[in-house]
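Spelled out from the first residue to the last, the chains are:
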Amino acid sequence: MKIKKYLIAFSLIVGTLFCVAPKETAAEELDLDVKSAIAVDFDTGKIFYEKDSDEVLGLASITKLISIYVVLDAIKAGEITWEDTVTIPTYLYPLSLNWELSNVPLYEGNTYTVKDLYEASLISSANAAVIALSYHVSGSEEAFVAKMKEKLESIGITDATVVNASGLNNSYLGENYVPGTPADGENYLSAKDIAILARHLLTDYPEILETTKIPTATFGANTSLPYEMVNWNWMLPGLVNYKEGVDGLKTGTTDIAGACFVGTMEKDGHRMITVVQHANDHENNASARFIETNKLMDYVLNNWQLTTVDPTTFALPKKHLNVQYGKEASVDLTLSDSNPFSVWVKNGEMPEITAEINQHLLDNDALKAPVSKNLTVGKFTITDQDDLDYLESADGEKEITIKTAEKVEKANVFERFLQGAKNIGTKVVHFFQNLFFILPNY
């Protein structure tokens, strides 16, 4: 039974994180010109905004985040090293020179390391480079794709379509596409699942940002034919859509997927992840996905604040509970955690606090001795007032349990006899008090 339900209006410290301007934009007024989008907090998984984020759409080169995840796992497991020289499958040399696609040129006679191809995959979105990595890790792209699927399933993503390591349409691969996949197959994933992928990847391998934040770099610097790469993420420093704080993560473009971008930025020590899929104006404006991402990031910055809640100000619905057959007649209650914690609030709306004592304790109006210390008897639940959820089931509302402050031992037979006698005496006194109260005055 819920004893008290109230909005928190005490001991709140509204932080300045993700709050850079007084102007507010309602989510319905944002009107992003994309097929789907989502913005989330990296630490808590709190969703700040979403638009059709469960719709499964073309993934394009955002696929490379899955591939690089598998590569990093292989390095961590000691299966490959950064310094390994990668054997390039013959068919990839001409593919790498197809400038209709994102690539860095690969030439026979030159040697390339895992680190070279890793950087090319992330900075230049090099398709031939990431396919070469797939062969190096697994012996074939087919076996590598199986690992990609396993990786997605391990982080709770089950509705993905993965047909290759690069994100290209299979039609570009000629006869070299993965057996059993369509000749014109392509990869598909929802914006919400892309955000889950990015969050897990950044949690496991935060060092990836040291590469994704590089605006320009030289590929094959130690070869006879070095190549200057420019990052396809134009929101990085020195590029056309620069935005302070952005340091990743990955672009993607195909005819089916349109122009997509999973972005991430950090402000005041706090990180957000954004995803936009299929920027509708890309054909007229090559910056469309970054323009829409900028709108989304500004919306979060201007409308969401991190608020600190102090549990020591919570009013307990009961200060103590009665104890039957105990050496003490009651036991005091306290909180399991009195440390301040932070929650995200939208436009200054405060979270809702609900206090609850276990129903059977209310029905019986007592605990039965013996009672242990730290026994859970109820909880405070802190929930958002907005209608947005958290990214994964492991995230979500905050709970602080109400517990017993000390133990109460069971009374012995003699003590229980005295308690019973005392209770009978008290009832007799109350009876005569009530009797004399209702007798008429003479």
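This structure is a prediction, so every number in the text was calculated from the model and none was measured.

Okay, the overall build of the protein chain next. Regarding its fold elements, the protein chain presents 11 helices and 19 strands. Looking at the protein chain residue by residue over its 442 residues, the buried ones come to 49%. At a minimum sequence separation of 6, the contacts of the protein chain that also span at least 24 residues come to 70%. Here the protein chain displays about 20,800 Å² of accessible surface, and carbon together with sulfur accounts for 50% of that area.

Reading across from one edge, E4-E3-E11-E10-E9 is the order of the five strands in this open sheet, with antiparallel pairing throughout. Two strands bound the open sheet, and with one partner strand each, they are strand E4 (47–51) and strand E9 (246–254). Across this sheet, the average inter-strand angle for adjacent strands is 10°, counted without regard to direction. Bridge count between strand E3 (residues 34–41) and strand E11 (residues 270–279): seven bridges; the pairing is antiparallel. Residue pairing for E11: Ala37 is matched across the bridge by Val276.

What follows covers the packing of aromatic side chains. The geometry of an aromatic ring pair is captured by the separation of the ring centres together with the interplanar angle, meaning the angle of the planes. For the coordinates displayed, the defined rule picks out 10 aromatic pairs. Where Tyr69 meets Tyr205, the ring centres are 5.9 Å apart and the plane angle is 90°; that geometry is what we call edge-to-face. Highlighted residues: Tyr69 in helix H2 (residues 63–76) and Tyr205 in the loop between helix H7 (191–204) and helix H8 (209–212), separated in sequence by 136 residues. The residues Tyr69 and Tyr205 share a single accessibility class, namely buried. Residues Tyr112 and Phe219 carry aromatic rings whose centres are separated by 5.3 Å and whose planes lie at 10° to one another, so their mutual orientation is stacked. Here Tyr112 is found in the loop between helix H3 (92–96) and helix H4 (114–123), whereas its partner Phe219 is found in strand E7 (residues 216–219), with 107 residues between them in sequence. Phe219 matches Tyr112 in its accessibility class, with the two residues each being buried. Each member of the aromatic cluster is reached from another via a ring pair, and the members are Phe48, Trp304 and Trp344. For Lys46, the ring lying beneath its charged end belongs to Tyr390, and the centroid distance is 5.2 Å. Here the basic side chain of Lys398 rests over the ring of Phe341, its NZ or CZ set 4.9 Å away from the ring centre.

Let us look at the environment of Ile47. With respect to the helices, strands and loops of the structure, Ile47 is situated in strand E4. Sequence spacing of Ile47 and Leu391 is 344 residues, and the spatial spacing of their C-alpha atoms is 6.2 Å. Dropping the residues within four chain positions of it, Ile47 is found in contact with Ile38, Ala39, Val40, Lys192, Trp304, Leu388, Asp389, Tyr390 and Leu391.

What follows covers the nonpolar core. Within the largest apolar cluster, 102 residues are counted, with the highest numbers of intra-cluster contacts made by Ile88, Leu106, Leu117, Ile208 and Val262. By residue number, the principal contributor to this core is H2, which donates nine residues. Setting aside anything within four residues of it in sequence, one finds Leu106 in contact with Ile88, Tyr93, Ser96, Tyr112, Leu117, Ala128, Ala129 and Phe219. Counting 24 residues, the second largest nonpolar core, distinct from the first, contains Val309, Val343, Ile402 and Val408.

Moving on, we get to the packing of helix H5 (residues 127–138) against helix H6 (residues 141–154). Each pair of packed helices can be summarised by the angle the axes make with each other and by the distance between the axes. Running from N to C, H5 and H6 cross one another at 85°; their axes reach a closest spacing of 8 Å. When the interaxial angle is binned, H5 and H6 end up roughly perpendicular. Packed against H5, whose contacting residues are Ile131, Ser134, Tyr135, Val137 and Ser138, the element H6 presents Glu141, Ala143, Phe144 and Lys147 at the interface.

Here we take up H5. Between its terminal C-alpha atoms H5 stretches 17 Å, which fits the 16 Å expected from 12 residues at 1.5 Å a residue. Among the 12 residues of H5, nine are classified as buried, and the element is accordingly described as predominantly covered. Regarding H5, the residues found buried are Asn127, Ala128, Ala129, Val130, Ile131, Ala132, Leu133, Ser134 and Val137. Looking at the buried side of H5, the elements it contacts are H2, H3, H4 and H6. Immediately downstream of H5, the backbone of Gly139 shows phi near 90°, a positive value.

The element E9 is largely enclosed, with a buried count of eight among its nine residues. Here E9 runs beside strand E10 (residues 258–267); their pairing, made up of eight bridges, is antiparallel. The residue bridging Thr254 from the neighbouring strand is Gly258, located in E10. Where E9 folds back onto E10 in an antiparallel hairpin, the turn is made up of three residues.

Right, let's talk about the side chain of Asn169 for a bit. Summarising the element assignment, Asn169 is placed in the loop between H6 and strand E6 (188–190). Polar side-chain contacts of Asn169 include one of 2.9 Å to the side chain of Glu186. Ignoring anything within four residues of it in the chain, the contact list for Asn169 reads Ala183, Asp184, Gly185, Glu186 and Ile256.

Turning to the packing of H4 against H5, a few remarks are in order. Put simply, H4 and H5 touch, their axes get as near as 8 Å, and they point 135° apart. Here H4 lies oblique to H5, going by the angle between them. The way H4 lies across H5 gives a crossing that is left-handed. Counted together, Val114, Leu117, Tyr118, Ala120 and Ser121 of H4 and Ala129, Val130, Ala132, Leu133 and His136 of H5 form the full contact between these two elements. Split by residue class, the contact of H4 with H5 holds eight nonpolar, two polar and no charged.

A separate point is the pattern of salt bridges. Enumeration according to the criterion identifies 16 salt bridges in this entry. Glu119 is paired through a salt bridge with Lys115; the nearest N and O atoms lie 3.8 Å apart. You can see Glu119 and its partner Lys115 sitting in helix H4, four residues apart, about one turn around the helix. With a relative accessible area of 33%, Lys115 lands in the partly exposed category. Where Asp298 meets Lys243, a salt bridge forms, and the shortest distance between an N and an O atom there is 2.7 Å. Placement of the pair is Asp298 in helix H9 (residues 288–303) and Lys243 in the loop between strand E8 (227–230) and E9, with a sequence separation of 55 residues. Linked by salt bridges that have partners in common, Lys46, Asp384 and Asp386 make up one network.

Conventions we followed
- Residues numbered from 1 in each chain as written.
- Predicted model: local features only at pLDDT ≥ 70, side-chain atom pairs only at ≥ 80, totals over all residues.
- Heavy atoms only, no water.
- Helix = DSSP H or I, 4+ residues; strand = E, 2+ residues; numbered from the N terminus.
- Buried < 20%, exposed > 50% of the residue type's maximum accessible area, 1.4 Å probe, protein only.
- Contact = heavy atoms within 4.5 Å.
- Areas by Shrake-Rupley, 256 points an atom, 1.4 Å probe, with all protein chains shown as cover.
- Pairing = 2+ DSSP bridges.
- Axes fitted to C-alpha atoms, helices over the stretch in contact; angles between N-to-C directions.
- Phe/Tyr/Trp six-rings, centres within 6.5 Å; stacked < 30°, edge-to-face > 60°.
- Lys NZ or Arg CZ within 6 Å of the ring centre and 35° of its normal.
- Core = buried A, V, L, I, M, F, W, Y, C linked by side-chain atoms within 4.5 Å.
- Parallel < 35°, antiparallel > 145°, perpendicular 65-115°, else oblique.
- Expected span 1.5 Å × (residues − 1).
- Polar contact = N/O pair within 3.5 Å; in protein donor to acceptor, adjacent residues only side chain to side chain.
- Left-handed = near helix turned anticlockwise from the far one by under 90°.
- Nonpolar A, V, L, I, M, F, W, Y, C, P; charged D, E, K, R; others polar.
- Salt bridge = Lys/Arg side-chain N within 4 Å of Asp/Glu carboxyl O.

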